[in-house]
Amino acid sequence: LPLPTSLTLLHALTGLAISSLLIATRRTWTAMIGLQPSDKDEISSEQQQGHHREDFIVKVRAFLPVAISLTGNNYFSNLSMRFASAPFTQTIKAIVPVVTMLVYYLYAGRKYQLGHYVAMVCVVSGVFIASSAEVSLNMLGLGSALLASVFTALKVVLANDRTKKLDPLVTVNTMAPYSIAFLIPVWYSTEMDKVILLWDQVVQWLPLLLAHGLLVLVLNLVTFFAMAVNSPTTMTCCGNMKVMFVYILSWAFLGTALGPWQLVGAGFTIVGGVCFGLLQEGYRLRWSGNFPTLRRE
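Not measured: the values here are computed from a predicted model.

> Break down the layout of surface pockets for me, citing the residues and quoting the values.
The space that makes up the second largest pocket amounts to roughly 600 Å³. The wall of the second largest pocket is formed by 19 residues, among which Leu3, Ser6, Leu7, Val202 and Leu209 lie closest to the centre. For the lining of the second largest pocket, the secondary structure elements donating two or more residues are helix 1 (4-24) and helix 11 (199-229). At 8 residues, helix 11 tops the list of elements feeding residues into the lining of the second largest pocket. In terms of residue class, the lining of the second largest pocket is built from 16 nonpolar, 3 polar and no charged.

Written out as structure tokens, the structure reads:
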């Protein structure tokens, strides 16, 4: 990515503009599709418009850590793509579930059983095995990917704790101004001159970039909803599984050749992810005669 800060800033601006429009016209489009705003939606909209009793400073303090972690995750993920390949970045970010478990333990005192750790090892090791053949070491890419991993873990844990009372649309709209405020100074000092120099190319690619920003908005909406109903470790574990599904879907639809190590890694990751999800739902492995069975406790 030649302009990672500009791309991250564009995503934030697109998210702010579209989410503001959707919130302002919520009654109209919900009526058009046959839905009625819930009481939670009404309250959230009023909060966004300033008709709330919560002190402004308290609100800033509550959401600032989430906004910092969200912006850091997006920025350093894009920055790592500038210095390293996508497989390299995904390989390093395979440590996110481990970091999330550590952060969740330190922040909320969450404790896990041995089975959780075994399943997590399968998920993380599977990604490393599958991506190892494609990894090319780059120190700047490595540093950016590691920082992105830390911010990702912080984002999932903090957002899971502090944004459950807001619907995903309001959460995106609340986070976007913070991200824009953080990114504008960085963009001004690092990429503004490059954007001016490459302005003709930027204009040419702008429709595609805006479409990409829309996809990122949809992803953020789904992510905030998922974080509200799942635990942080479940979220990051599933995030690792997407890498394996990318390999599998690429093979199924594009005919991409998969080597033996990629198949082994995909198997490790998928089995580990399924087991971790079952453990989170209360299932435990118990022996019935000579065969292991899953039982919900």
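> Explain the packing of aromatic side chains to me, and be specific about the residues and the numbers.
Throughout the structure, instances matching the rule amount to 2 aromatic pairs. Centroid distance Tyr75 to Phe76: 5.2 Å. Interplanar angle 70 degrees. Geometry classified as edge-to-face. The class for Phe76 is buried, based on a relative accessible area of 18%. Relative to Phe151, the ring of Phe76 lies with its centre 5.7 Å away and its plane at 5 degrees, an arrangement referred to as stacked. You can see Phe76 sitting in helix 4 (residues 56-83) and its partner Phe151 sitting in helix 8 (residues 139-162), a full 75 residues away along the chain.

> A description of helix 9 (residues 168-190) should follow, citing residues and the corresponding values.
Over its 23 residues, helix 9 extends 31 Å from the first C-alpha to the last, a length consistent with the 33 Å expected when each residue adds 1.5 Å. In helix 9, a bend of some 30 degrees at Leu183 exceeds every other bend along the element, and Pro185, a proline, comes one to four places later. Every buried residue of helix 9 is accounted for by Leu169, Val170, Thr171, Val172, Asn173, Thr174, Met175, Ala176, Tyr178, Ser179, Ile180 and Leu183.

> Kindly report on the confidence of the model for the chain, identifying the contributing residues and their values.
Parts of the model with low pLDDT should not have their predicted coordinates read in detail. This prediction gives the chain a mean pLDDT of 76; 75% of its residues lie at or above 70. Scored below 50 in pLDDT, residues 42-53 shows 19 contacts in the model against residues more than four places distant or in partner chains.

> Explain the packing of helix 1 against helix 11 to me, using residue names and the numbers behind them.
Running from N to C, helix 1 and helix 11 cross one another at 65 degrees; their axes reach a closest spacing of 9 Å. Classified by the angle their axes make, helix 1 and helix 11 are roughly perpendicular. The element helix 1 and its partner helix 11 pack so that their crossing is right-handed. Seen from helix 1, the contacting residues are Leu7, Leu10, His11, Thr14, Gly15 and Ile18; seen from helix 11, they are Leu209, Leu210, His212, Gly213, Leu214, Val216 and Leu217.

> Account for the nonpolar core, with residues named and values stated.
In globular proteins that are soluble, nonpolar side chains generally tend to be buried together. Core analysis: the biggest nonpolar cluster contains 15 residues, and Val66, Ala159, Met175, Phe224, Met227 and Met235 have the highest contact counts within it. Contributions of two or more residues to this core are made by helix 4, helix 8, helix 9 and helix 11. Of all hydrophobic cores here, the second largest spans 14 residues; its members include Val99, Tyr104, Ala119 and Val124.

> Let's hear about the side chain of Ser6: which residues, and what values?
Relative to the assigned elements, Ser6 resides in helix 1. Dropping the residues within four chain positions of it, Ser6 is found in contact with Trp187, Glu191 and Val195.

> If you had to explain the environment of Ala119 to someone new, which residues and values would you point to?
Residue placement: Ala119 occurs in helix 7 (residues 114-131). For the pair Ala119 and Val274, spaced 155 residues apart in the sequence, the C-alpha separation amounts to 8.4 Å. Residues contacting Ala119, with those up to four places away along its chain left out, are Gly272, Cys275, Phe276 and Leu279.

The rules behind the values
- Residues numbered from 1 in each chain as written.
- Predicted model: local features only at pLDDT ≥ 70, side-chain atom pairs only at ≥ 80, totals over all residues.
- Heavy atoms only, no water.
- 1 Å grid on protein atoms, 1.4 Å probe; cavity = no way out; pocket = protein on both sides within 12 Å on 5 of 7 lines; lining within 4 Å.
- Points joined across faces, edges and corners; volume = space filled by probe spheres on them.
- Helix = DSSP H or I, 4+ residues; strand = E, 2+ residues; numbered from the N terminus.
- Nonpolar A, V, L, I, M, F, W, Y, C, P; charged D, E, K, R; others polar.
- Phe/Tyr/Trp six-rings, centres within 6.5 Å; stacked < 30°, edge-to-face > 60°.
- Buried < 20%, exposed > 50% of the residue type's maximum accessible area, 1.4 Å probe, protein only.
- Expected span 1.5 Å × (residues − 1).
- Bend = angle between axes of the 7 residues up to and from the residue.
- pLDDT = per-residue confidence, 0-100.
- Contact = heavy atoms within 4.5 Å.
- Axes fitted to C-alpha atoms, helices over the stretch in contact; angles between N-to-C directions.
- Parallel < 35°, antiparallel > 145°, perpendicular 65-115°, else oblique.
- Left-handed = near helix turned anticlockwise from the far one by under 90°.
- Core = buried A, V, L, I, M, F, W, Y, C linked by side-chain atoms within 4.5 Å.

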